[in-house]
Amino acid sequence: MDSAESIKAFSEKVRTFIPIEILNEDTSKKSVAILGKISNEKDFVSILLLEKSAFGLLHESSSPNPNAVNFDLKQVEQFLNSYHHSSLTENDIYSWADGSPHFLPQNPVEKKCKSLYMFESCGVKYTLIHPATEKHISKHSFQRLFTILETVQMYQAVTLDYIKNDPISRIQWVYNILESKAETDKVIYRNDDPLDGFVLLPDFKWDGVSLSSLYFIAFVTDKSIKSLRDISFSNLTLLKTIKSKATQAISAKYPDFDVRQLSFYVHYHPSYYLFHVHITNVNIDSKGCIAGRAHLLDAIIDNIENIRPDYYQVASIPLILGENHPLYTKLVNYKN
Ligand code: M7G
């Protein structure tokens with residue numbers, strides 16, 4: 001839904017956003033999380049996430065060879081010509097400077113015909129969470145990360161209760177996707193089978209353009225599967241179907257993308273307890289891919305198929321949790 005009216009309403013919210021605090025800034029991702037209020041809705045706090053857009057110069061042209069890395073040199077030239085430079089430093093064979101665009105096209109027509117890549121590469125992706133809950137604030141705030149080994153006893157005594165008490169309202173957005181009430185135009189594959197079905201769509205972290213940062217998410221229709229801990233041999237077909245059907249759907253949608261670069265993984269712990277698989281370009285360097293957070297789908301399949309059917313009901317699982325996570329203190333203080 002990106003009608004002129006809803007874009008206007010969104011811009012108005014951003015324009016009237018009153019910043020309260022910078023929750024975090026990630027210099028490698030070039031992103032910032034700002035806590036604030038929207039001026040006419042002062043009873044709620046909101047979070048505005050800003051992330052500088054990718055250059056998007058790779059993979060933009062279509063090629064008869066799906067395995068080729070594509071780039072359009074005209075667009076690269078146009079991009080290089082659209083910046084002026086300042087703060088030059090030179091040292092031997094190295095020189096570096098800041099670049100700023102000569103101008104930013106303001107309207108969509110200008111954007112299309114004048115300098116699409118310049119515009120997009122210096123654009124910013126806005127994500128507004130409104131109203132934001134304590135959990136959102138904690139998730140987006142700077143925090144130190146710690147490792148924990150979650151035993152089955154810890155899962156049963158502490159984690160299970162936490163998952164059961166996680167309000168359904170937190171995953172309303174997922175239900176909206178599963179029930180075709182939101183993001184319907186984004187979905188590239190869906191199978192509503194109550195056991196082996198899933199819905200595949202772009203993750204909202206992805207700009208939807210740069211294949212170098214391609215990011216999809218597959219949510220299962222079976223709402224009883226909350227997390228990796230609920231996965232057992234009975235879900236083998238579901239997991240294998242996600243892998244094969246998602247690969248086919250992404251390949252059909254992006255013929256220029258080499259699907260051998262796809263990485264399939266599951267977060268434990270996830271932020272949202274309805275089982276889903278992250279499907280990304282393996283070249284993305286993100287905190288979501290690190291060991292202790294990401295469990296590779298192939299390994300999960302192998303564990304339940306070849307090691308033991310109830311692997312995730314008996315295994316101790318190493319975790320990375322931020323100190324603000326509600327489970328962190330409870331798990332750290334757990335005594336056998
Ligand atoms: P997760 O493993 O539960 O948590 O993944 P993480 O955020 O710690 O990775 C949930 C995924 O859903 C994340 O990759 C989010 O970027 C993505 N996501 C979150 N929301 C609220 C939305 C949404 O409304 N739409 C879409 N398409 N993706 C979302």
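Keep in mind that what you see is a predicted model, and the values were worked out from it rather than measured.

Undergrad: Please clarify how the side chain of Ser-82 should be interpreted in this entry.
TA: For Ser-82, the position within the fold is in the loop between helix 2 (73–81) and strand 4 (83–91). Overall, Ser-82 belongs to the buried group, its relative accessible area being 7%. Engagement of the side chain of Ser-82 in a polar contact is seen with the backbone oxygen of Phe-79, the distance being 2.6 Å.

Undergrad: Even after reading the chapter, I still don't get the site of the ligand, so can you show me in this structure?
TA: Around the ligand, the structure places 16 residues, and the nearest of them are Lys-139, Glu-183, Asp-203, Lys-205 and His-267. Here an oxygen atom of the ligand and a side-chain polar atom of Lys-205 are 2.7 Å apart. Here an oxygen atom of the ligand and a side-chain polar atom of His-276 are 2.9 Å apart. Protein contact buries 89% of the 590 Å² of open area that the ligand shows by itself. Listed by contribution, the elements that provide at least two residues to the shell around the ligand are strand 9 (198–202), strand 10 (215–220) and strand 12 (276–281). The residue inventory of the shell around the ligand, partitioned by class, reads eight nonpolar, four polar and four charged.

Undergrad: How do you make sense of the UniProt feature "active site" (unreviewed entry) in the protein chain when you look at a structure like this?
TA: The feature "active site" (unreviewed entry), as given by UniProt, occupies His-276 in the numbering adopted here. Assignment of secondary structure puts His-276 in strand 12. Here His-276 falls in the buried class, since its relative accessible area comes to 8%. For His-276, the contacting residues outside a window of four places in its chain are Ile-217, Ala-218, Phe-219, Val-266 and Pro-270. Only 2.7 Å separates the side chain of His-276 from the backbone oxygen of Leu-274, close enough to count as a polar contact.

Undergrad: Help me out: how do you make sense of the pairing of strand 9 in this one?
TA: In the case of a regular strand, side chains alternate between the two sheet surfaces. Summarising burial for strand 9: five of the five residues are buried, a large majority. Strand direction decides the pairing type here: strand 8 (residues 189–191) and strand 9, joined by three bridges, are antiparallel. Looking at the pairing, Arg-190 lines up with Val-199 of strand 9. Adjacent in sequence and paired antiparallel, strand 8 and strand 9 are bridged by six residues. Relative to strand 10, strand 9 runs antiparallel, the two sharing five bridges. By the bridge assignment for strand 10, Phe-198 is matched with Val-220.

Undergrad: Is there a simple way to think about the environment of Asp-26 in this case?
TA: Checked against the element boundaries, Asp-26 lands in strand 1 (residues 17–26). Since its relative accessible area comes to 17%, Asp-26 is described here as buried. Non-local contacts of Asp-26, meaning those with residues more than four positions away in its chain, are made with Ser-31 and Lys-287. Looking at Asp-26, its side chain comes within polar contact range of the side chain of Ser-28, at 2.7 Å.

Undergrad: Is there a simple way to explain the sheet that holds strand 11 (residues 262–267) in this structure?
TA: Pairing between the strands of a sheet is mediated by backbone hydrogen bonds and can be parallel or antiparallel. In spatial order, the strands read 8-9-10-12-11-13; together these six strands make up an open sheet with antiparallel pairing. The sheet is open, and its two borders are formed by strand 8 and strand 13 (294–296), each paired with just one other strand. The mean angle between the axes of side-by-side strands here comes to 30°, regardless of whether they run parallel or antiparallel. Of the strand pairs in this sheet, strand 11 and strand 13 are connected by three bridges, and their pairing is antiparallel. Bridged to Tyr-265 within strand 13 is Leu-296. Strand contacts of helix 8 (residues 236–253): strand 8, strand 9, strand 10, strand 11 and strand 12, with the helix running at about 40° to strand 9, the strand carrying the most contacts. Across the sheet, helix 9 (residues 297–307) touches strand 11, strand 12 and strand 13, and the angle it forms with strand 13 is around 60°.

Undergrad: How do you make sense of the packing of aromatic side chains when you look at a structure like this?
TA: When we look at a pair of aromatic rings, we describe it by the centre distance and by the angle of the planes. Scanning the model with the defined rule gives ten aromatic pairs in all. Consider the rings of Tyr-162 and Tyr-273, whose centres lie 6.0 Å apart with planes at 85°: the pair is edge-to-face. Within this pair, whereas Tyr-162 is found in helix 6 (residues 152–164), its partner Tyr-273 is found in the loop between strand 11 and strand 12, the two being separated by 111 residues in sequence. A single burial state applies to Tyr-162 and to Tyr-273, both of which are buried. Taken together, the ring pairs connect Trp-173, Phe-219 and Tyr-272 into an aromatic cluster. If you follow Lys-125 out to its NZ or CZ, it ends over the ring of Phe-204, 5.6 Å from the centre. Here the basic side chain of Lys-223 rests over the ring of Tyr-175, its NZ or CZ set 4.4 Å away from the ring centre.

Undergrad: I keep staring at unusual backbone geometry and nothing clicks. Help me out?
TA: If a residue is not glycine, its phi is most likely negative; likewise, a peptide bond is most likely trans. Of note, the bond from His-130 into Pro-131 is cis; its omega dihedral lies within 30 degrees of zero at -5°. With an omega of -5°, the peptide bond between Tyr-268 and His-269 qualifies as cis. Its location among the elements puts His-269 in the loop between strand 11 and strand 12. Positive phi is not limited to glycine here, since Lys-30 has a value of about 55°. Take Lys-30: it is sitting in the loop between strand 1 and strand 2 (31–38). A positive phi angle, near 55°, is found at Glu-183, a position not held by glycine. Its location among the elements puts Glu-183 in the loop between helix 7 (172–178) and strand 8. For Glu-183, a relative accessible area of 32% corresponds to the partly exposed category.

Cut-offs and rules
- Residues numbered from 1 in each chain as written.
- Predicted model: local features only at pLDDT ≥ 70, side-chain atom pairs only at ≥ 80, totals over all residues.
- Heavy atoms only, no water.
- Helix = DSSP H or I, 4+ residues; strand = E, 2+ residues; numbered from the N terminus.
- Buried < 20%, exposed > 50% of the residue type's maximum accessible area, 1.4 Å probe, protein only.
- Polar contact = N/O pair within 3.5 Å; in protein donor to acceptor, adjacent residues only side chain to side chain.
- Near = heavy atom within 4 Å.
- Areas by Shrake-Rupley, 256 points an atom, 1.4 Å probe, with all protein chains shown as cover.
- Nonpolar A, V, L, I, M, F, W, Y, C, P; charged D, E, K, R; others polar.
- UniProt positions renumbered as here; feature names shortened; annotations may be inferred.
- Contact = heavy atoms within 4.5 Å.
- Pairing = 2+ DSSP bridges.
- Axes fitted to C-alpha atoms, helices over the stretch in contact; angles between N-to-C directions.
- Phe/Tyr/Trp six-rings, centres within 6.5 Å; stacked < 30°, edge-to-face > 60°.
- Lys NZ or Arg CZ within 6 Å of the ring centre and 35° of its normal.

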